[in-house]
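Coordinates in review
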Amino acid sequence: AQSVAQPEDQVNVAEGNPLTVKCTYSVSGNPYLFWYVQYPNRGLQFLLKYITGDNLVKGSYGFEAEFNKSQTSFHLKKPSALVSDSALYFCAVRGRSGANNLFFGTGTRLTVIP
Amino acid sequence: DAGVIQSPRHEVTEMGQEVTLRCKPISGHNSLFWYRQTMMRGLELLIYFNNNVPIDDSGMPEDRFSAKMPNASFSTLKIQPSEPRDSAVYFCASSSHQGLETQYFGPGTRLLVL
């Protein structure tokens, strides 16, 4: 079965420091992996996705994610955190091959401290 | 593009009343998803449609919940009768196969059942 795990409920980082939000996956077949962000009282917004190709994926707002097949990970990263990056972040994986539903992780709340 | 449109944005009702949530997907998208988000259970997929046909409704909590998609531009999620434990934020999302399953979320409907 397809699933993702986000091991940290909460991540705190100082403004200007690099940030990492962790995600590991378990899939049968090739993984389609996604990151979404949710700001307070808003719907989820797409940040980036990995389908195939380069292991380093660049997305919106300066975020990037590194696909690591050997570690089955897809960690979200940003070189320099902004206070406005404070939000809830979700990792997701596509359902079984041919399906188009997504399985979401439990979310990680990122707080960037001024 | 207006994005995914949901109505109402907020709904307060009394236990036992019928609640109808509405969603208009992005024009041209052929898949539509209904999610529920709570603090306790996180983000849950309730049901999704491809080309107006329900594909997987295994996430629908019980018979009190029903969803329809009469055409490509409109879907409803109905709860009858509503209960306090149904209080949550309900999100609609849509995607197109050409977009490789990237889902675009609406702003959500915040439901409170008293």
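Some thoughts on the nonpolar core
- Core analysis: the largest hydrophobic core is formed by 27 residues, its most contacted members being Leu33, Trp35, Leu47, Leu48, Phe74, Leu76 and Tyr89 of chain A.
- Elements that contribute at least two residues to this core include exactly β2 (10-14), β3 (19-21), β5 (33-38), β6 (44-50), β8 (64-68), β9 (73-78), β10 (87-94) and β12 (108-113) of chain A.
- In terms of residue count, β10 of chain A provides more of this core than any other element does, four residues in total.
- Membership of the second largest hydrophobic core comes to 21 residues, among which are Val4, Met60, Ala67 and Cys92 of chain B.

Comments concerning the packing of aromatic side chains
- Going through the model one piece at a time under the given rule, you end up with 15 aromatic pairs over all chains.
- An aromatic cluster is present here, built from Phe34, Tyr36, Phe46, Phe90 and Phe104 of chain A together with Phe33, Tyr35, Tyr48, Phe91 and Phe105 of chain B joined pairwise through their rings.
- Directly above the aromatic system of Tyr32 of chain A lies the positively charged group of Arg94 of chain A, at a separation of 3.9 Å from the ring centroid.

Quick word on the state of the cysteines
- Evaluation of the coordinates by the stated rule reveals two disulfides over all chains.
- Here Cys23 of chain A connects covalently by a disulfide to Cys91 of chain A, the sulfurs 2.0 Å from one another. Its S-S torsion of about -60° marks the bond between Cys23 of chain A and Cys91 of chain A as left-handed, since a negative value means left-handed. On the criterion of sequence distance, the pair formed by Cys23 of chain A in the loop between β3 and β4 (24-26) and Cys91 of chain A in strand β10 is long-range, its members being 68 residues apart.
- Under the relative-accessibility criterion, Cys91 of chain A is labelled buried at 0%.
- Covalently, Cys23 of chain B is tied to Cys92 of chain B through a disulfide, its sulfur atoms 1.9 Å apart. Looking down the S-S bond of the Cys23 of chain B and Cys92 of chain B bridge, the torsion is -70°, so its handedness is left-handed. Of this pair, Cys23 of chain B sits in strand β3 (residues 19-24) while Cys92 of chain B sits in strand β9 (residues 88-95), and the two are 69 residues apart along the sequence.

Some thoughts on the sheet that holds strand β1 (residues 5-7) of chain B
All names here are of chain B.
- Strand order in the open sheet formed by four strands is β1-β3-β8-β7, and the pairing between neighbours is antiparallel. The open sheet has two free edges, formed respectively by β1 and β7 (65-71), since each of these has just one partner strand. Sheet twist, expressed as the average angle between the axes of neighbouring strands with direction ignored, equals 15°.
- Across five bridges, β3 lies against strand β8 (residues 74-79) in antiparallel orientation. Its bridge partner lying in β8, Thr20 is registered against Lys78.

What about a nonpolar patch on the surface?
- Residues Val12, Leu112 and Leu114 of chain B make up a contiguous nonpolar surface patch of roughly 290 Å² in combined accessible area.
- When you line up the elements, Leu114 of chain B lands in the segment after β11 (109-113).

With respect to the environment of Ser84 of chain A
- As for its position among the elements, Ser84 of chain A is in the loop between β9 and β10.
- Classification of Ser84 of chain A as exposed rests on a relative accessible area of 51%.

Some details on the pattern of salt bridges
Residue and element names in this part refer to chain B.
- Per the counting criterion, the structure on display carries 11 salt bridges over all chains.
- Close ionic contact of Glu62 with Arg85 constitutes a salt bridge, the shortest N to O distance being 3.2 Å. Pair noted here: Glu62 is in the loop between β6 (53-56) and β7 and Arg85 is in the loop between β8 and β9, with a separation of 23 residues, a long-range link.
- The partner of Glu83 in a salt bridge is Arg64, with the nearest N and O atoms 3.5 Å apart. With Glu83 in the loop between β8 and β9 and Arg64 in the loop between β6 and β7, the pair connects residues that are 19 residues apart, well separated along the chain.
- Since its relative accessible area comes to 22%, Glu83 is described here as partly exposed.
- Put simply, Glu62, Arg64, Glu83, Arg85 and Asp86 are held in one network by salt bridges that share partners.

With respect to the confidence of the model for chain A
- Across chain A, pLDDT averages 92, with 97% of residues at or above 70.
- The secondary-structure element of chain A with the lowest mean pLDDT is strand β11 (residues 102-104) of chain A, recorded at 88, while β2 of chain A shows the highest, at 98.

Cut-off values and rules
- Residues numbered from 1 in each chain as written.
- Chains lettered and ligands numbered in written order.
- Predicted model: local features only at pLDDT ≥ 70, side-chain atom pairs only at ≥ 80, totals over all residues.
- Heavy atoms only, no water.
- Core = buried A, V, L, I, M, F, W, Y, C linked by side-chain atoms within 4.5 Å.
- Buried < 20%, exposed > 50% of the residue type's maximum accessible area, 1.4 Å probe, protein only.
- Helix = DSSP H or I, 4+ residues; strand = E, 2+ residues; numbered from the N terminus.
- Phe/Tyr/Trp six-rings, centres within 6.5 Å; stacked < 30°, edge-to-face > 60°.
- Lys NZ or Arg CZ within 6 Å of the ring centre and 35° of its normal.
- Disulfide = S-S within 2.5 Å.
- Pairing = 2+ DSSP bridges.
- Axes fitted to C-alpha atoms, helices over the stretch in contact; angles between N-to-C directions.
- Patch = residues over 30% accessible without salt bridge, like charges linked within 9 Å, V, L, I, M, F, W, Y side chains within 5 Å.
- Areas by Shrake-Rupley, 256 points an atom, 1.4 Å probe, with all protein chains shown as cover.
- Salt bridge = Lys/Arg side-chain N within 4 Å of Asp/Glu carboxyl O.
- pLDDT = per-residue confidence, 0-100.

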